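# A closer look at the structure
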Number of protein chains: 2
Amino acid sequence: MKGLTELLKGALEGIVLQHISKGETYGYEITNYLVDLGFEDIVEGTVYTVLLRLEKNGLIDSEKRKSEVGPPRKFYKLTPAGTDYLAEFWTKWTFLAEKMEQLKEK
Amino acid sequence: MKGLTELLKGALEGIVLQHISKGETYGYEITNYLVDLGFEDIVEGTVYTVLLRLEKNGLIDSEKRKSEVGPPRKFYKLTPAGTDYLAEFWTKWTFLAEKMEQLKEK
DNA sequence: TACATGTATATAGTATTACTAGGTAGTCAC
DNA sequence: GTGACTACCTAGTAATACTATATACATGTA
């Protein structure tokens, strides 16, 4: 789906953190994952800015590893702070989603 | 709930449009409504910027009416374009909310 | 060799949006 | 006439996702 840019603000970092929490992964894979999920507008540049910001904020750690099919990959995993942050994210998201559901039904 | 600023981007205009779609209303009332809903960080200035933007974009119309308890109120209602836009908004929101639910459960 | 394709990361600049922090003004109770 | 509540407005800021582009490794192929 297209035209989700504004709705993704704030949500995208939660999506990325959640995906990383399920297993170490890297930007290029995350981008493909998101596009496959249906977020058509998401391109590599968007994902890299999110990853660099999350790392700068101490929510994820990275480790560079060689690849046999291209340049080295930077694998990310959550830090303890990132795990806490992700839990808070879901609290906020759930709050918003429930309010939205109430509004939608009225 | 606090700290929802980023998640509200894109969602707030939908919330406001949905509320207006249920009956003509004005900024001050909308602000109180949102705070009562639990959006603690939302203040009048935020709502007015949303309303002025929506009107500028042709999604709502306004009509000034006298009040007996204060300054005149600007009552807003949806335009046909606003009604269409609101329907699109819910399509996008529902798409995102469903994806988020899938991610959350995994 | 040269070139295209796929893999992989990075970043400067832009647009959009919500929030901050004020200002103006009408009505009413004290 | 002062304060509280009602009601609207706006310039500036911060945060975020997107655009556009650059760099570079690996592989197949012309």
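Scroll up to find the structure this text is about.
Here is a short report on the structure shown in this document. Nothing here was measured: the structure is a model prediction, and the numbers come from that model. (Residues numbered from 1 in each chain as written. Chains lettered and ligands numbered in written order. Predicted model: local features only at pLDDT ≥ 70, side-chain atom pairs only at ≥ 80, totals over all residues. Heavy atoms only, no water.)

## Here we look at the protein's contact with DNA strand D
Lining the immediate environment of DNA strand D, one finds 34 residues, of which Thr-46 of chain A together with Tyr-28, Tyr-48, Arg-73 and Lys-74 of chain B sit closest. When atoms of DNA strand D within 4 Å of the protein are sorted by moiety, sugar and phosphate together comprise 73%. One nitrogen or oxygen atom from the main chain of Leu-8 of chain A is found 3.2 Å from a phosphate oxygen belonging to DNA strand D. Contacts to DNA strand D include Arg-53 of chain A, whose side-chain N or O atom sits 3.1 Å from a phosphate oxygen. For the surface near DNA strand D, the class distribution of residues is 14 nonpolar, ten polar and ten charged. (Near = heavy atom within 4 Å. Polar contact = N/O pair within 3.5 Å; in protein donor to acceptor, adjacent residues only side chain to side chain. Nonpolar A, V, L, I, M, F, W, Y, C, P; charged D, E, K, R; others polar.)

## Describing the packing of aromatic side chains
By the definition in use, this model includes seven aromatic pairs over all chains. A centroid spacing of 5.2 Å and a plane angle of 70° characterise the contact between Phe-89 of chain B and Trp-90 of chain B, whose relative ring orientation is edge-to-face. Over the ring of Phe-75 of chain A we find Arg-65 of chain A, and its NZ or CZ is 4.5 Å from the ring centre. (Phe/Tyr/Trp six-rings, centres within 6.5 Å; stacked < 30°, edge-to-face > 60°. Lys NZ or Arg CZ within 6 Å of the ring centre and 35° of its normal.)

## A look at the protein's contact with DNA strand C
DNA strand C sits among 34 residues. The nearest are Lys-9, Glu-44, Arg-73 and Lys-74 of chain A together with Thr-46 of chain B. In DNA strand C, the atoms that sit within 4 Å of the protein are 72% sugar and phosphate, with bases accounting for the remainder. Take Thr-46 of chain B: an N or O atom from its side chain is 3.2 Å from a phosphate oxygen of DNA strand C. The set of elements that each furnish at least two residues to the surface near DNA strand C consists of helix H3 (27-37), helix H4 (44-56) and strand S2 (73-78) of chain A together with helix H1 (5-8), helix H2 (11-21) and helix H4 (44-56) of chain B. Residue classes in the surface near DNA strand C are distributed as 14 nonpolar, ten polar and ten charged. (Helix = DSSP H or I, 4+ residues; strand = E, 2+ residues; numbered from the N terminus.)

## Remarks on the nonpolar core
Side chains of a nonpolar character, in soluble globular proteins, are inclined to be buried together. Core analysis: the largest hydrophobic core is formed by 64 residues, its most contacted members being Leu-34, Phe-39 and Trp-93 of chain A together with Leu-34, Phe-39 and Trp-93 of chain B. Each residue touching Phe-39 of chain B, except ones within four places of it in the same chain, is listed here: Phe-95, Leu-96 and Lys-99 of chain A together with Leu-4, Leu-8, Ile-15 and Leu-34 of chain B. (Core = buried A, V, L, I, M, F, W, Y, C linked by side-chain atoms within 4.5 Å. Buried < 20%, exposed > 50% of the residue type's maximum accessible area, 1.4 Å probe, protein only. Contact = heavy atoms within 4.5 Å.)

## Focus on the relation of the copies chain B and chain A
Taken as rigid bodies, chain B and chain A are interconverted by a rotation of 180° and an axial shift of 0.0 Å, the fit giving an RMSD of 0.0 Å. The transformation relating the two chain copies, once decomposed into turn and shift, fits a two-fold axis. In terms of proximity to the rotation axis, the leading residue of chain B is Lys-9 of chain B, whose C-alpha is 3.1 Å off the axis. When the interface residues of chain B are mapped onto chain A, 100% of them again lie at the interface, so the same face is used by both copies. (Least-squares fit on C-alpha atoms with pLDDT ≥ 70 in both.)

## What about the pattern of salt bridges?
Residue and element names in this part refer to chain B. Throughout the structure, instances matching the rule amount to twelve salt bridges over all chains. Taking the shortest distance from any N to any O, the salt bridge between Arg-65 and Glu-24 comes out at 2.5 Å. Of this pair, Arg-65 sits in strand S1 (residues 60-65) while Glu-24 sits in the loop between H2 and helix H3 (27-37), and the two are 41 residues apart along the sequence. Judged by relative accessible area, Glu-24 falls into the partly exposed class, the value being 39%. The salt bridge partner of Arg-65 is Glu-63, with a shortest N-O separation of 3.3 Å. Residue Arg-65 is classed as partly exposed on the basis of its relative accessible area, which comes to 29%. (Salt bridge = Lys/Arg side-chain N within 4 Å of Asp/Glu carboxyl O.)

Read these as geometric descriptors, not functional statements.
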